[in-house]
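A closer look at the structure
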Amino acid sequence: MSAQLHEFKDGAALAEGLADRVSAALADGIAARGRATIAVSGGSTPKAFFKALSTRDIDWSKVTVTLVDERFVPADNPRSNHLLVADNLLQGKARAAAFLPLYRDAGSAEEAAKIASADAASLGHPFDVAILGMGTDGHTASFFPGGSNLAEAIASETPRGVITMEAEGAGETRLTFTFTSFQDARLLVLHIEGQGKMDVLSAAKEDGPEADMPIRAILRRAATPLDIYWAP
Ligand SMILES: O=C1O[C@H](COP(=O)(O)O)[C@@H](O)[C@H](O)[C@H]1O
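What you are looking at is a predicted structure, and each value in this text was computed from that prediction instead of being measured.

Scoring rules and cut-offs
Residues numbered from 1 in each chain as written. Predicted model: local features only at pLDDT ≥ 70, side-chain atom pairs only at ≥ 80, totals over all residues. Heavy atoms only, no water. Pairing = 2+ DSSP bridges. Helix = DSSP H or I, 4+ residues; strand = E, 2+ residues; numbered from the N terminus. Axes fitted to C-alpha atoms, helices over the stretch in contact; angles between N-to-C directions. Contact = heavy atoms within 4.5 Å. Salt bridge = Lys/Arg side-chain N within 4 Å of Asp/Glu carboxyl O. Buried < 20%, exposed > 50% of the residue type's maximum accessible area, 1.4 Å probe, protein only. Polar contact = N/O pair within 3.5 Å; in protein donor to acceptor, adjacent residues only side chain to side chain. Expected span 1.5 Å × (residues − 1).

**Some details on the sheet that holds strand 4 (residues 69-71)**
On the basis of which strands lie adjacent, the open sheet formed by three strands has the order 4-8-7 and antiparallel pairing. Pairing within the sheet leaves two strands with one partner each, and these edge strands are strand 4 and strand 7 (162-165). Neighbour-to-neighbour, the strand axes of this sheet turn through a mean angle of 25 degrees, independent of strand direction. Two strands pair when backbone bridges link them, and strand 4 and strand 8 (residues 174-177) are joined in this way by three bridges, in the antiparallel orientation. Bridge assignment links aspartate 69 to a residue of strand 8, and that residue is threonine 176.

**Side note on the sheet that holds strand 1 (residues 3-7)**
Across the sheet, which stays open at both edges, the seven strands sit in the order 1-10-9-6-2-3-5 with parallel pairing between neighbours. In the strand order of this sheet, the two ends are held by strand 1 and strand 5 (98-100), each with one partner. Recorded for the sheet is a direction-independent mean angle of 20 degrees between the axes of neighbouring strands. Bridge analysis of strand 2 (residues 36-40) against strand 3 (residues 63-67) gives five bridges, and the strand direction is parallel. When the sheet's bridge partners are listed, threonine 37 is paired in strand 3 with threonine 64. The sheet contacts of helix 3 (residues 81-88) involve strand 2, strand 3 and strand 5, and relative to strand 3 the element is tilted by about 145 degrees. Of the strands in this sheet, strand 1, strand 9 (187-193) and strand 10 (226-231) touch helix 7 (residues 195-204), which is tilted by about 125 degrees from strand 9.

**Quick notes on the side chain of threonine 66**
Mapped onto the elements of the fold, threonine 66 is located in strand 3. The contacts of threonine 66, once residues within four sequence positions are left out, are Ile38, Ala39, Val40, Phe99, Leu100, Leu102, Phe127 and Phe177.

**So, the pattern of salt bridges**
Applying the stated criterion across every chain yields a total of 13 salt bridges. We note a salt bridge from arginine 79 to glutamate 172, for which the minimum N-O separation is 2.6 Å. Of the two residues, arginine 79 is situated in the loop between strand 4 and helix 3 and glutamate 172 in the loop between strand 7 and strand 8; the sequence distance between them amounts to 93 residues. We note a salt bridge from glutamate 210 to arginine 221, for which the minimum N-O separation is 2.7 Å. Highlighted residues: glutamate 210 in the loop between helix 7 and helix 8 (215-221) and arginine 221 in helix 8, separated in sequence by 11 residues. Exposure remark for glutamate 210: the relative accessible area of 16% places this residue in the buried category.

**Here we look at unusual backbone geometry**
The omega torsion across histidine 125 and proline 126 is 0 degrees, close enough to zero to call that bond cis. For alanine 141, which is not glycine, the phi torsion reads 45 degrees and is therefore positive. Tracing the chain through its elements places alanine 141 in the loop between strand 6 (129-132) and helix 5 (150-154). Note on alanine 141: relative accessible area 6%, which makes it buried.

**Notes on the side chain of threonine 164**
Here threonine 164 lies in strand 7. Among the polar contacts made by the side chain of threonine 164, one reaches the side chain of glutamate 110 at a distance of 3.5 Å. Filtering out sequence-adjacent residues up to four positions away, threonine 164 remains in contact with Ala109, Glu110, Ala113, Asn149, Thr173, Arg174 and Leu175.

**A look at helix 1 (residues 11-33)**
The first and last C-alpha atoms of helix 1 sit 32 Å apart over 23 residues, in line with the 33 Å expected at 1.5 Å per residue. Every buried residue belonging to helix 1 is among Gly11, Leu14, Ala15, Gly17, Leu18, Ala19, Val22, Ser23, Ala25, Leu26, Gly29 and Ile30, and all of these are buried. By the N-cap criterion, in which a side-chain oxygen at the helix start approaches the backbone nitrogen of a residue two or three places on, helix 1 is capped by aspartate 10, the distance to alanine 12 being 3.2 Å. Note on helix 1: the residue one or two positions beyond its end, glycine 34, has a positive phi of about 85 degrees.

Spelled out as structure tokens, the structure:
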């Protein structure tokens, strides 16, 4: 396990610190390759970080934003991660960025996953930046304990791309990038807040099956050392 903890006094300071780090990584990607990619998570945690990042002065017209995972719901659904990103990140300076959605108005979630996988392949790899979150059950992305496609999602042999996931506690069917899609991102971040999530992370660092706490797949096997951004 290779991870570095970055601790902040509160969520506001974390949002600014993480936005500085991520915008520098995106600028590096643009300087090196002419464009940059970032995959972000949804949930309740990243809102302040998204708002801070949207103010950073980089060439957003050369950035593509996508999601680590999504609910199989259209973008006008209040539970859509796309909506969260549109309202909080793709604003201000960042309005010029391109967005690659995972949800598609296809016949099924499986069909949507296939279309999103094909589109994501055209972005090239690895992602310049991947920002992961974590639930109190130890899930990350949509790698839920007991998830219908969990073994495939976290296997090192599974190709890059988007697959579906159903799980108790997940609500809607999910669309999620696989482990191999983001474990080698040039900057790989786990963004968590609160003592409860730090306690969950400590438990995940103990021995035990990855299937019980899927964040373990990242902690144990990611090629890129994990940067953990945390505030109490
Ligand atoms: O279901 C999800 O939850 C996790 C964590 O969300 P939070 O509300 O506890 O911050 C998130 O990382 C993931 O993208 C989302 O789909």
